[in-house]
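Structural description and commentary
Each chain, written out:
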Amino acid sequence: MAGREFGHREGPVLAQLHYASAPSGSEDPGPRFTAVGAEVPPGVLREAERLLGYEPPPDSPQQADAEQLKRFPTVFGFSELADGGRLLSRSVCTGTDWAGGPVSFHTHAVLLPAGTRLPDGVLPISTWESPRWAESTPPDGGPGSVDRVEPSGLLRKEALVPFAVSRAERLAAFFADLRAVAADPGAGQIVVVEHDSADVARWIALACTVLPREQAHRLTFTTYTRDPRQARQQLVGALPSSEPVADDERYRVHNCTGRQPSGPVADTWAEVCARVWRAGRPDLFHNDPEDLGLLAVSALVAGIDLRTDARAAAASWAAEQVDALPDDRLTALVAGLCGGPVPHLGSPSATLPGAAEQVALAALLARLDGRVTAAVSAPLAARVLASAVVAHGPVPVLRAGSLTARAHDDLARDLAPSLRAGIADTAEPAAGRPLALLRAADLLDVDCQDQLPELAERLARELVGASAASLPGGESPVVGCPPALLDAVHTHPGLRVALFGSLDTLASADPAAVARVLKGSGLPLSLQQSGFPHLRMCAAPAEPDDRLDRFHGLLRTAGVSPHADPTVLRTALRLTWPGAELPTGQEASLLLKELGSDSHRAAGTRELLIEAALSAHPDDRAAPALATDLLRCFTTELRPGRRTALQLLEFTGVLGTANEGEEWVARVLSLKSTAAEPIPETVVERAFDALAWRLLEGPAPANELYALARSAEPRLLAAYERAGRSDRVGERLRAEPAYVAARFCDWSAFPGTAPAWDETRTALLAKVLRPAVRALPAEAQGEVEAALDRTARGKLDAFRTWNRPGALGRLAGKLAGRGRRAEQPGA
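Owing to the predicted nature of the structure, the values given are computational and were not obtained by experimental measurement. Each residue is numbered by its place in its chain's sequence as written, counting from 1. With pLDDT at 70 or above as the cut-off, local features in this predicted model cover only qualifying residues; side-chain atom pairs require 80 or more to be listed or tallied, and sums for whole chains, interfaces and linings still use all residues. Hydrogens and waters are ignored; side-chain quantities use all the structure's heavy atoms.

1. Some points on the overall build of the chain
Of the regular secondary structure elements, the chain holds 36 helices and nine strands. A compact globule built from 827 residues would reach a C-alpha radius of gyration of about 28 Å, whereas the chain, at 53 Å, exceeds it by more than 25%. Considered along the principal axes of its C-alpha atoms, the chain spans approximately 165 × 75 × 45 Å. Counting the 827 residues in the chain, one finds 51% classified as buried. Contacts between residues were defined by any pair of non-hydrogen atoms, one from each residue, lying within 4.5 Å. Across the chain, the fraction of contacts at a sequence separation of at least 24, relative to all contacts at a separation of at least 6, is 69%. With residues, only the protein chains shown are counted as cover, and all accessible areas are computed by Shrake-Rupley using a 1.4 Å probe. Total accessible area on the chain is roughly 37700 Å²; 51% of this is exposed by carbon and sulfur atoms. What counts as a helix is a DSSP run of H or I of at least four residues, what counts as a strand is a run of E of at least two, and both are numbered from the N terminus. For the radius of gyration, the atom set is restricted to C-alpha positions; the globular benchmark scales as 2.2 Å times the number of residues to the power 0.38. In this scheme, a residue with accessible area under 20% of its type's maximum is buried, one over 50% is exposed, and one in between is partly exposed, where area comes from a 1.4 Å probe on protein chains only.

Below, the structure written as structure tokens:
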């Protein structure tokens, strides 16, 4: 390199350095700078001394001849300096001592100040073995200069492609580590072990082609070092005889002299770079090699087969850039994405796309469909649809014009078994994938009519189940139908009819649940002019307020007579009185009389009427008459327990009438105690209250009062005392002296018959009758005494004694034994 500066004559002046071993016979045997440019700072020289030496491999011959010297490794390095500058250097061995002493070497280096590059933007690695490198110090001791840099041709395609192919299995792992180290200085160093330092230079050249240009200019490297642990560069070359670093996690070692790596590389970008090099297309790196999507698209357009994750990246990138891509590039991209057989169950050779690729292809199809001709997009549509069907991906929504006639027929033939199997797959929610597959089957004219009833039943059950699951506190939420289902109902008459039929069947079994589904669901019942009576009733608005009017309105909505189809009667009743609601006694009586027992018997609503009677509120005066009707209409069908309960309820309605008969207390208690099953509490309470009022309201035979006292039935006595303490009894006591006399006779009768009776009657005497009598005027009290004198033998004296101030306690003791035998009736 004598005579010229190392640099372009129009570019910056680049200082040069020569560093070599001491000449033979020198007093100082150590290496030294033999020529240094004036621009080199002294500090750089001190730092450069640690970078520019040469150590031969441990297994090198001690007395190497000329041919052996050629095989010594060349140390070609690009190193970063403390001031931010770079030092590009080339060191070669020039000889060895006959006794195996220190080797002779020469290093030629170029200093690039911070912020500068080689002339014309030449990459440092491209100057490997350039003819401008000197192997000796200039004779005049000056560094010399050149007017241009002549690359060695290392980066030429014809030189690197064969090398890349020979290292095909190692490329992806190397590129993955390269990106990590280039992006993060703290990510460690890459160590490449080769038999020849020239091969390390080729690895560095491969690295610089895949990196962004700026990172390629900054990448530091050395093609050989005897001890990689002493190297400061990012990419370090070594020989098999160099010091090993395989066990040190700071180094990413790629030993190209050992076994091939096993297993795939996770880094998608690195894997794409490897395939591009193996395909001999390094020109694809010229745009933006760091952009994975762009690089993957370029590779596919070039016909390079890519892994599924790279295809997904290409499809995603193209979907975002589709408006900026020319048609010919889009066509080539679609061809690249759709290369190979379309996947279906009968094509084991077809590669199934991964989940990410399926999503990306579907997104790209959504952007392309309708923008380009079907001839261009049809292969993509066919692959997306086939992949979705076979690989359980998201099923695309395709238009009728998305496929060519041939693609349509091929897909229909190949995918029919998979489509039918997917529609029948009970592991999937029916409103999800199976419904989407039915839409695809319709597009391909695949006959699935026989599968519609089962699919419709699953859809109906899922809708009703979703409604039930969304009821945390008994509220009625609005459960909307999935949009895909609504769309299918509008566009697929067969599915619509089958779905409405299934919902109608469910409505017959659980009308309230189906009514919740239909509320705000948007299901177009109006598309079907007739049929589905239960479904129509569930969809009817909840009006008017009068329940019987609503009931009759529901029957009209059904459009079917309950005599022709008794099940509509059951549905109308359950919608009018949902949940735990029951008709009143009057409503139930009207329903029974209007529709007849046969209709209720056929509809299975008899128990509803019976429950309405037995659960009726005590104030419901129509309940006893309803019990009479039920006993008459269902004479032979009532369970013994139900019959007894209805008889007891019926009896409460005849008490106080001409049909009441005799032995009321005994009859009530007998019905209660002999029932085959527990009588509802509402009926028992009603019977006890009715009996208590009958004993208090009018003349009651003494034997009935005695039966009450003797029964000692706690609840009956409680009802009697509760009625006796009522305002209604109090008002009569204040207004009717004869009623006062009658109650005194009753409440002082049969002392000692039963402790419970004594407690009840004495409480009524003290708490009810005594305050009422004391409040009566003298004239009224005289009328009470007159009534007692006329009707109750021996009671007048007892009343006078009881009515004297302070006499109640004494009288209570006397009443416990006085006249007891004479006052007990023969009964």
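2. Some thoughts on the sheet that holds strand 5 (residues 104-112)
Strands are treated as partners if at least two bridges between them are detected by DSSP. Spatially, nine strands are ordered 2-1-5-4-3-7-8-6-9 in an open sheet, and the strand pairing comes out mixed. Taken across any chain shown, the strands that pair with only one partner, and hence form the sheet edges, are strand 2 (32-36) and strand 9 (251-255). Bridging between strand 7 (residues 221-222) and strand 8 (residues 235-238) involves two bridges; their strand directions are parallel. Each residue of the ladder has a partner; that of F221, found in strand 8, is L235. A fitted line through C-alpha atoms serves as each axis, taken over the contacting stretch for helices, and the angle formed by two N-to-C directions is quoted from 0 to 180°. With respect to the sheet, helix 1 (residues 42-49) is in contact with strand 1 (16-20), strand 2, strand 3 (75-80), strand 4 (86-95) and strand 5, its orientation differing from that of strand 2 by roughly 135 degrees. Helix-sheet contacts for helix 5 (residues 197-210) involve strand 6 (189-193), strand 7 and strand 8, and the interaxial angle to strand 8 is about 160 degrees.

3. Some words on the nonpolar core
Side-chain atoms within 4.5 Å are what join buried Ala, Val, Leu, Ile, Met, Phe, Trp, Tyr and Cys residues into a set we call a nonpolar core. Counting 227 residues, the largest nonpolar core has I125, F175, W277 and Y720 as the members making the most contacts within it. When near neighbours in sequence (up to four residues on either side) are disregarded, I125 contacts F76, L154, L155, A201, I204, A205, C208 and F221. Counting residues in hydrophobic clusters, the runner-up holds 22 residues, among them A15, V40, F72 and A109.

4. A word on unusual backbone geometry
The phi angle at D445 is positive, at roughly 60 degrees, despite the residue not being glycine. Following the sequence through the fold, D445 ends up in the loop between helix 14 (433-443) and helix 15 (452-469). Given a relative accessible area of 62%, D445 falls into the exposed group. Positive phi outside glycine occurs at E663, with the angle close to 55 degrees. Mapped onto the fold, E663 is located in the loop between helix 25 (640-654) and helix 26 (664-674).

5. Describing the packing of aromatic side chains
Here the aromatic set is Phe, Tyr and Trp, taking the six-membered ring for Trp, and pairing holds for ring centres within 6.5 Å; pairs whose planes are under 30 degrees apart are stacked, those over 60 apart are edge-to-face, and all others are tilted. As enumerated under the stated definition, the model contains 18 aromatic pairs in all. Where F76 meets W133, the ring centres are 5.9 Å apart and the plane angle is 85 degrees; that geometry is what we call edge-to-face. Of this pair, F76 sits in strand 3 while W133 sits in the loop between strand 5 and helix 3 (157-166), and the two are 57 residues apart along the sequence. Here the two residues F76 and W133 agree in accessibility, since each one is buried. Here the aromatic cluster, defined as three or more aromatic residues joined through ring pairs, consists of F76, F78, W128, W133 and F221. Over the aromatic face of Y739 sits the side chain of R732, whose NZ or CZ is 4.0 Å from the ring centroid. Charges are assigned to positions over rings by a cutoff of 6 Å between ring centre and Lys NZ or Arg CZ, combined with an angular limit of 35 degrees from the ring normal.

6. Quick notes on the pattern of salt bridges
What makes a salt bridge here is a side-chain nitrogen of Lys or Arg within 4 Å of a carboxyl oxygen of Asp or Glu, nothing more. Evaluation of the coordinates by the stated rule reveals 49 salt bridges. Measuring nitrogen to oxygen at the nearest pair gives 3.4 Å for the salt bridge that ties E67 to K70. Highlighted residues: E67 and K70, both in helix 2 (residues 66-70), separated by three residues, approximately one helical turn. E67 sits in the partly exposed class, given a relative accessible area of 46%. A salt bridge links R732 to E697; its shortest N-O distance comes to 3.7 Å. Of this pair, R732 sits in helix 30 (residues 727-735) while E697 sits in helix 27 (residues 681-697), and the two are 35 residues apart along the sequence.

7. Considerations on the pairing of strand 8
Every second residue of strand 8 is oriented toward a common face, with L235 and G237 on one face and V236 and A238 on the other, all of them buried. Pairing analysis gives four bridges linking strand 6 to strand 8, with the strands arranged parallel. Paired with I190 across the bridge in strand 8 is L235.

8. Points about the packing of helix 29 (residues 714-724) against helix 32 (residues 755-774)
The geometry of helix 29 relative to helix 32 is characterised by a closest axis approach of 10 Å and an angle of 5 degrees between their N-to-C directions. If you check the angle between helix 29 and helix 32, you find them roughly parallel. When helix 29 is examined against helix 32, the residues L717, Y720, E721 and G724 are found in contact with a partner set consisting of A756, W757, T760, A763, L764 and V768. Amino acid classes used here: Ala, Val, Leu, Ile, Met, Phe, Trp, Tyr, Cys and Pro are nonpolar; Asp, Glu, Lys and Arg are charged; the rest, including Gly, are polar. A per-class count over the contact of helix 29 with helix 32 returns seven nonpolar, two polar and one charged. Here is the rule for angles: anything less than 35 degrees is roughly parallel, anything more than 145 is roughly antiparallel, 65 through 115 is roughly perpendicular, and the remaining ranges are oblique.

9. Quick word on the confidence of the model for the chain
Each residue carries a pLDDT score, the predictor's own confidence in it, on a scale running from 0 to 100. Averaged over all residues, the pLDDT of the chain equals 88, while 91% of them reach at least 70. The low-confidence segment residues 1-5, where pLDDT is below 50, has 25 contacts with residues more than four positions distant or belonging to other chains. Low pLDDT, under 50, characterises residues 808-827; the predicted model gives this stretch 24 contacts beyond four residues in sequence or across chains.

10. Focus: the packing of helix 17 (residues 493-509) against helix 21 (residues 567-576)
Where helix 17 contacts helix 21, the two axes come as close as 8 Å, and the packing angle between them is 70 degrees. Classified by the angle between their axes, helix 17 and helix 21 sit roughly perpendicular to one another. Residue-level inspection shows A507, S508 and A509 of helix 17 in contact with helix 21, the latter providing T567, R570, T571 and R574. Residues belonging to the contact of helix 17 with helix 21 are distributed by class as follows: two nonpolar, three polar and two charged.

11. Thoughts on the environment of R639
One can find R639 in the loop between helix 24 (623-633) and helix 25. For R639, a relative accessible area of 39% translates into the label partly exposed. Sequence separation between R639 and E677 is 38 residues; the distance between their C-alpha atoms is 9.3 Å. Those residues in contact with R639, other than ones at most four positions away along the chain, are E607 and E677.

12. Here we look at the environment of G531
Position of G531 relative to the elements: it lies in the loop between helix 18 (511-518) and helix 19 (533-539). By relative accessible area, which is 40% here, G531 ends up partly exposed.

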